[in-house]
Amino acid sequence: MIIVEGIGHVSIPVSQLDTSIDFYRDIFDFEVETKKATEAILSLDSFRIRLVKAEVSDRTLPILSFVMDVDDFTEAISELEEKNVKIIKGPEGTDSGESLTFADPSQNLIEIFYSN
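Participant: Help me out: how do you make sense of a negative patch on the surface in this one?
Facilitator: A grouping of Asp-69, Asp-71, Asp-72 and Glu-75 is seen on the molecular surface, where their side chains present a negatively charged patch. By the element assignment, Asp-71 lies in helix H2 (residues 70-82). The exposure class assigned to Asp-71 is exposed, which follows from its relative accessible area of 53%.

What follows is the structure, given as structure tokens:
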């Protein structure tokens, strides 16, 4: 068994690096740790994502899933709508709560949800 102590980062392919940086900063309040011509590391508390400029293919599953409480979930939906973020699916009930899937500027899917 390989023992891990945490996740270093999640890599996300993006077609437009600067637009994607702005998106993750504006929607989730990520901070830019480092930025190069073809990639950037963003952090939110101890969670890090690596945006990598690359060819982006069609997506069918969310690349990230953020857990929220019900009040934050409701507020997040309002904020996404105000910012004209493309909502792909939801909000919809699940066996244990509710979820919503939306797209970042490179059409990567992101899910937010809360559990009862």
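Participant: Just to check I follow, could you spell out H2 for this structure?
Facilitator: One full turn of an α-helix is made of 3.6 residues, so residues set three or four places apart face in the same direction. Along its 13 residues, H2 runs 19 Å from first to last C-alpha, staying within 8% of the 18 Å computed at 1.5 Å per residue. If you check which residues of H2 are buried, you get Phe-73, Ala-76, Ile-77 and Leu-80. The buried side chains of H2 occupy one side of the element, clustering within an arc of 100 degrees when seen end-on. Looking at H2, the residues exposed on the side facing more than 90 degrees away from the buried face are Asp-71, Glu-75 and Glu-82. For H2, the elements touching its buried residues are helix H1 (17-28), strand E6 (87-93), strand E7 (97-103) and strand E8 (109-115). The N-capping residue of H2, defined by a side-chain oxygen 3.2 Å from the backbone nitrogen of Asp-71, is Asp-69. Trailing H2 by a residue or two, Asn-84 shows a phi angle of about 55 degrees, which is positive.

Participant: What exactly am I supposed to notice about the nonpolar core here?
Facilitator: As a rule of thumb, nonpolar side chains are buried together in soluble globular proteins. Within the largest apolar cluster, 25 residues are counted, with the highest numbers of intra-cluster contacts made by Tyr-24, Leu-51 and Phe-102. When residues of this core are traced back to their parent elements, those giving at least two are strand E1 (10-14), H1, strand E3 (39-44), strand E4 (47-53), strand E5 (64-67), H2, E7 and E8. Top contributing element to this core by residue count: H1, with six residues.

Participant: I'm lost on H1 in this one. Help?
Facilitator: If you check H1, its first and last C-alpha atoms are 16 Å apart, about what 12 residues at 1.5 Å a residue would give, namely 16 Å. Turning to H1, its buried residues number three or more, namely Leu-17, Ser-20, Ile-21, Phe-23, Tyr-24, Ile-27 and Phe-28. All buried residues of H1 fall inside an arc of 160 degrees around its axis, so they share one side. Backbone geometry just after H1 places Asp-29 at a positive phi near 70 degrees.

Participant: It is not clear to me how the environment of Val-85 should be interpreted in this structure. Could you clarify?
Facilitator: Relative to the helices and strands, Val-85 resides in the loop between H2 and E6. By relative accessible area, Val-85 is classed as buried at 12%. Taking C-alpha positions, Val-85 is 22 Å from Arg-48, a pair spaced 37 residues apart along the chain. Not counting residues up to four positions away in its chain, the partners in contact with Val-85 are Phe-23, Ile-27, Leu-80, Phe-102 and Ala-103.

Participant: Can you help me understand the pattern of salt bridges in this one?
Facilitator: Should their charged atoms come close, side chains of opposite charge can pair. One pass over the full model with this rule turns up six salt bridges. The closest approach of N and O atoms between Lys-83 and Glu-79, which form a salt bridge, is 2.8 Å. Residue classification places Lys-83 among the partly exposed residues on the basis of a relative accessible area of 32%. Of the residues examined, Glu-79 reaches a relative accessible area of 31% and is grouped as partly exposed. When salt bridges with common partners are traced through the structure, they connect Asp-26, Glu-79 and Lys-83 into a single cluster.

Rules used in this analysis
Residues numbered from 1 in each chain as written. Predicted model: local features only at pLDDT ≥ 70, side-chain atom pairs only at ≥ 80, totals over all residues. Heavy atoms only, no water. Patch = residues over 30% accessible without salt bridge, like charges linked within 9 Å, V, L, I, M, F, W, Y side chains within 5 Å. Areas by Shrake-Rupley, 256 points an atom, 1.4 Å probe, with all protein chains shown as cover. Salt bridge = Lys/Arg side-chain N within 4 Å of Asp/Glu carboxyl O. Lys, Arg positive; Asp, Glu negative; His and termini not counted. Charge placed at Lys NZ, Arg CZ, Asp CG, Glu CD. Helix = DSSP H or I, 4+ residues; strand = E, 2+ residues; numbered from the N terminus. Buried < 20%, exposed > 50% of the residue type's maximum accessible area, 1.4 Å probe, protein only. Expected span 1.5 Å × (residues − 1). Arc of directions from axis to C-beta. Contact = heavy atoms within 4.5 Å. Polar contact = N/O pair within 3.5 Å; in protein donor to acceptor, adjacent residues only side chain to side chain. Core = buried A, V, L, I, M, F, W, Y, C linked by side-chain atoms within 4.5 Å.

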